[in-house]
Amino acid sequence: MIKSYLKTAWRSLKRNKLFSGLNIFGLAIGMAGAILIAILLQHMLSYDRFHKQEDQLFMISNRDKLGGDLYTWRYTPKILGSTLASERPEIQNWTRSRTGQSFLFTVGDQKIQNKNGNYVDPGFFKMFSFPMVTGGPNKDWDAGTGIILASSFAKALFGRTDVVGQTIKLDTSSLVTVSGVIKDMPENTDLKSDYLLSWAYANRFGEVDSSWGNNSVQTYVKLQKGTNLSAFNQAIRDVTKSHRDDITTEIYAEPLKNVFLYSEQHNGKFDSGRIVVVRCLAVIGFLLLLIACINFMNLSTAQSERRAREVGVKKVIGASRIRLIAQFLIESVLLSLFAFIIALGIVLLVLPAFGNLVETKLSWHFGWTGWLIALAVMVITGLIAGSYPAFYLSSFAPVKVLKGSFVRMGGKISARSVLVVLQFTVAIILILTTIMITQDIRYVQNRDTGYNQSELVFSSLNGNLRKNYPALKNELLSSGAITSMSRNMSPITQRFSDGWGMTWPGSNKADEKTDFVRYSSDADMVKTMGMHLVKGRDIDIYKYPGDSTAMMLTQSAVKAMRLKNPIGAIVGDNDTKWHVVGVIDDFIIEQPFDKIQPMVIEGPDSWYSTIHYRLNPAHSVEQNLATIKQVFDKYNMDYPFEYHFADDTYATKFKENKKLGQLSMLFAGLTIFISCLGLFGLITYMAETKTKEIGVRKVLGASVAGIIGLLSKGFVKLIIISFVIAVPIAYYIMHRWLSASTYSISVQWWWFVITILIAVIIAILTVSFQAMKAARVSPVKSLKTE
Amino acid sequence: MIKITDLEKVYRTDLIETVAINKMSFEVRQGEFVAIMGPSGCGKSTLLNILGLLDDCDGGSFIFNGQEIAHFNEQKRAMLRKKNIGFVFQSFNLIDELTVYENVELPLIYNNIKPADRKIMVEETLEKMQIMHRKSHFPQQLSGGQQQRVAVARAVVNKPKLILADEPTGNLDSHNGNEVMDMLTSLNEAGTTIIMVTHSEHDAKFSHRIIRMLDGEKITENILRELDYIPDVDLKSEH
């Protein structure tokens, strides 16, 4: 019986090549899109899920009220880990982690910089499943004179991995020996490192810090099996408070597996972030598959007249309805299988490109459970896609279809129309979302950053540059390659420090919780960055020796401090009294989508990590950079000259949103494409079934344009109905999306106009070819056909 | 074998009511060959559909093999139909996706006949209908006469006791038409009861009896020749 079903199904597919092709291709595209999303989701959901003791691993977070709002963050005091371990018996192991410096690694002539690494505690190796290739954390490592390398980094440095005991120079003077080589960490971990140093190394360079007020490291713990998390959290809640009276911060542990997905906090809870992307992608994947299924149903039912006689005959000679349903379902599962095979091919072809788009190294390692799920989805897709045609076709009364009085699916709202409307509703929502994301990015990109990014370059203040900075600056200025230079705490596009507890004239207890971003400058910051000085003057340690404790405030800081005459005001921060010498306009240092936080710019008593310089517009960029390189090489010969353009670095802030925009565009495109395949199938069917009508109309004087209009207008009407349904849903989504950022564009009316035009034009283009073909057939031929 | 009394079939729409069969009564004996004639729209196809259990009636009695079946639901009718009745249509109604062999095999599959038995039955029937040499062909590759022969083969392969033929020669030339009529006659002579709807006086002459209809009513009944014998009634039933 099954053999007979399969045979009939196969021959039926072969017989109706166009419809079968459209059906299979549409389904394959939908499946390929869904599989790509599944692979990406699998990657995102697998973050730090591979550790053997995954269920026992937790990260400690802080929670406190700041400026009246509840916040939570994942940086904790350095001293927290060891304190917790000594106080709580549930803790089996613990480690702190903080990104290591951008060391220059030197082995003989081999110099490598900009590698990712972490300072960790010995517990790290007992908690996480990162297997060692050779060696391991030994006495040297514990003492801060050893290093553990990832195998690919060891190969890059030494050309091999059996390098335990070898020496590496870090920066210009510090020597460490290799204690072990660890297998390269997978992509799906937040702890990915090329090297691991112990905290003892950092301590050798003065990183000892037992302050409960300085949150600078991430703290991980491994709890005993079966520990009740809520009871544990209750027990540790007030640990910070118990060690320092003036701090109100509470702590809690959260499962490690949640850290990557729940990356953003609201009201003191990590409840959004990447998980939103995961959910959105899951919905899009499901919709893609659904649209492909709808396409299938539409195209299958469109062929109902062709199949009606078959159903009638089979019923007359004894086929039960159940058997016919089974036959049609097997047929659709078979189609689904073909589509699945094609989809796998498409996925294999486009996976690298898709990985590039989402900037993730994606690989296909489903395992047998993954394959089983994929197979199940394939069968279920086939069953869902085939269900409607199966039940519909099998319901034909034989006496009617054989008598030829089979009535076409009609009624005021035919099921096929509903399906087309559903498809285009989703497509229109996705088009609108794409327009919104791209327009929002453009709007925010045009936001005034508060400084001039053009020809503004920055480099790390490393090696001998600290010592040679004055000479470097003088020589660069006199070379004519730059017009101005400033030493600062961090790149202009990145915040390195913020804090509360500052005091100023008139500040009260409540003000202690106002958070200020910290920045620093030695001199010429306003000129170098192209900022706008509102009041007073720029910090300049060379002109004003007292400026080592000078401070500039941004307008938002002045507002937050409620200072009427800010110049001369004394601001207390970290036991230093800073005197305000100037006020500048706000500038964006963090996310351009967010509200600009109040900021203080502290003088040379603060610290620096970055040099900013403005290129001289009188020369070409290449000429300037060549000159600058010569001078950098002269004063910092151990380090390769590296530089970054401020505008390029700023552009990376839009990366995530651009990625989402591109994904949205990709899937909107796929949805429209699949929907158009469906439309094409339907118009082909319609032209076939209306052959006689077209002939008669032409005999009576209808023009080709009139016939095209007759065939197309129904579809255009459906698109407009889809639009009407999609608009409120899209508006809701857009409103929610845009209101999540402080600085974002408002919903524009013309987005809707563009969308309906796109949808209608695409639909007309899709149907017009077939409509024109049908309309141009000679009436003699079309009437004879009938 | 069949006895209908005051059979009625009415088609209703919102606006009109059309009486397709109006209190019609007649009897068909086992082994008989009955032709039903009448102008287009007189109700003969409707009658055939009711007799073939494809459609239900709105009134009257329909006794099939001594059992009142007028009230049977679709499922029961379908069961009775597939065991006892074979159909031959004017437009052949072969399934294009199946070969000659597979088309003929299909009723046996639906009757859950074992594959080995099916093979014997199909080949036997194809031999009898002289179409064995075309068993691997698809319907589109055959002439009209050959297609109708396949349709007859499909109707008889399950050895039904009753064959209902709806203008079986309507789409054929006289030569092929005669061949089909000869086939039906020999089937009848072998004991199969045949009821045939036709416009052709020539074809009707192959039957024992002609029932003429007009506007849903039986107007005349002519016996052309007497039925020689009444074979044993052995209707297959689920009961």
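Residues numbered from 1 in each chain as written. Chains lettered and ligands numbered in written order. Predicted model: local features only at pLDDT ≥ 70, side-chain atom pairs only at ≥ 80, totals over all residues. Heavy atoms only, no water.

A few points about the interface of chain B and chain A
For step 1, the next point in the chain: Taken together, the contacts link 25 residues of chain B with 21 residues of chain A.
For step 2, the next point in the chain: Between chain B and chain A, roughly 2,200 Å² of surface is buried when both sides are summed, and carbon and sulfur atoms account for 56% of that area.
For step 3, the next point in the chain: Looking at the side of chain B facing chain A, the largest losses of area belong to N93, E97 and Y110 of chain B, adding up to 32% of the total buried there.
For step 4, the next point in the chain: On inspection of chain B and its partner chain A, the count reaches two salt bridges.
For step 5, the next point in the chain: In this structure, E102 of chain B and R11 of chain A form a salt bridge, with 2.3 Å as the shortest nitrogen-oxygen distance.
For step 6, the next point in the chain: Linking chain B to chain A there are seven residue pairs in polar contact (both at pLDDT 80 or more).
For step 7, the next point in the chain: Counting residues per element, the ones that place at least two in the side of chain B that touches chain A are α2 (74–84), β6 (85–89) and α3 (100–110) of chain B.
For step 8, the next point in the chain: Tallying contributions element by element places α3 of chain B first for the side of chain B that touches chain A, with five residues. (Contact = heavy atoms within 4.5 Å. Buried area = accessible area lost by both parts, 1.4 Å probe. Salt bridge = Lys/Arg side-chain N within 4 Å of Asp/Glu carboxyl O. Polar contact = N/O pair within 3.5 Å; in protein donor to acceptor, adjacent residues only side chain to side chain. Helix = DSSP H or I, 4+ residues; strand = E, 2+ residues; numbered from the N terminus.)

Observations regarding the sheet that holds strand β8 (residues 193–197) of chain B
Residue and element names in this part refer to chain B.
For step 1, the next point in the chain: Strand order across the open sheet formed by six strands is β6-β7-β8-β3-β9-β10, with mixed pairing between neighbours. Edge positions in the sheet fall to β6 and β10 (217–223), since each of these pairs with one other strand and no more. The sheet shows a mean angle of 15° between the axes of neighbouring strands, taken without regard to direction.
For step 2, the next point in the chain: Sheet topology note: the strand β3 (residues 33–37)/β8 ladder contains four bridges and is parallel. Its bridge partner being in β8, F33 is matched across the sheet by I194.
For step 3, the next point in the chain: Lying over the sheet, helix α1 (residues 44–51) contacts β3, β6, β7 (162–166), β8 and β9 (209–214), oriented at roughly 155° with respect to β7.
For step 4, the next point in the chain: With respect to the sheet, α2 is in contact with β6 and β7, its orientation differing from that of β6 by roughly 80°. (Pairing = 2+ DSSP bridges. Axes fitted to C-alpha atoms, helices over the stretch in contact; angles between N-to-C directions.)

What to know about the pattern of salt bridges
All names here are of chain A.
For step 1, the next point in the chain: Enumeration according to the criterion identifies 34 salt bridges over all chains in this entry.
For step 2, the next point in the chain: In this structure, E250 engages K241 in a salt bridge whose closest nitrogen and oxygen atoms are separated by 3.5 Å.
For step 3, the next point in the chain: What you see here is one network of salt bridges that share partners, running through R237, D238, K241 and E250.

Examining the nonpolar core
For step 1, the next point in the chain: Among the nonpolar cores identified, the biggest contains 73 residues, and I492, Y519, M531 and F587 of chain A are the most heavily contacted of them.
For step 2, the next point in the chain: The element that contributes the greatest number of residues to this core is helix α16 (residues 415–445) of chain A, accounting for 13 residues.
For step 3, the next point in the chain: The residues that make up this core include at least three from each of domain 2 (423–446 + 647–786) and domain 3 (456–646) of chain A.
For step 4, the next point in the chain: Core analysis: the second largest hydrophobic core is formed by 55 residues, F328 of chain A together with M24, F89 and I109 of chain B among them. (Core = buried A, V, L, I, M, F, W, Y, C linked by side-chain atoms within 4.5 Å. Buried < 20%, exposed > 50% of the residue type's maximum accessible area, 1.4 Å probe, protein only. Domains from an automatic or database assignment.)

As for α3 of chain B
For step 1, the next point in the chain: Of all 11 residues making up α3 of chain B, 11 are buried, and the element is well covered by its neighbours.
For step 2, the next point in the chain: Taken together, the buried positions of α3 of chain B are occupied by V100, Y101, E102, N103, V104, E105, L106, P107, L108, I109 and Y110 of chain B.

Focus on the domain arrangement of chain A
All names here are of chain A.
For step 1, the next point in the chain: Taken domain by domain, chain A holds domain 1 (90–208), domain 2 (423–446 + 647–786) and domain 3 (456–646).
For step 2, the next point in the chain: Here domain 1 and domain 3 have C-alpha centroids that lie 32 Å from each other.
For step 3, the next point in the chain: In this assembly, six residues from domain 1 lie in contact with six residues from domain 3.
For step 4, the next point in the chain: Together, the buried faces of domain 1 and domain 3 total about 590 Å²; carbon and sulfur atoms form 43% of this surface.

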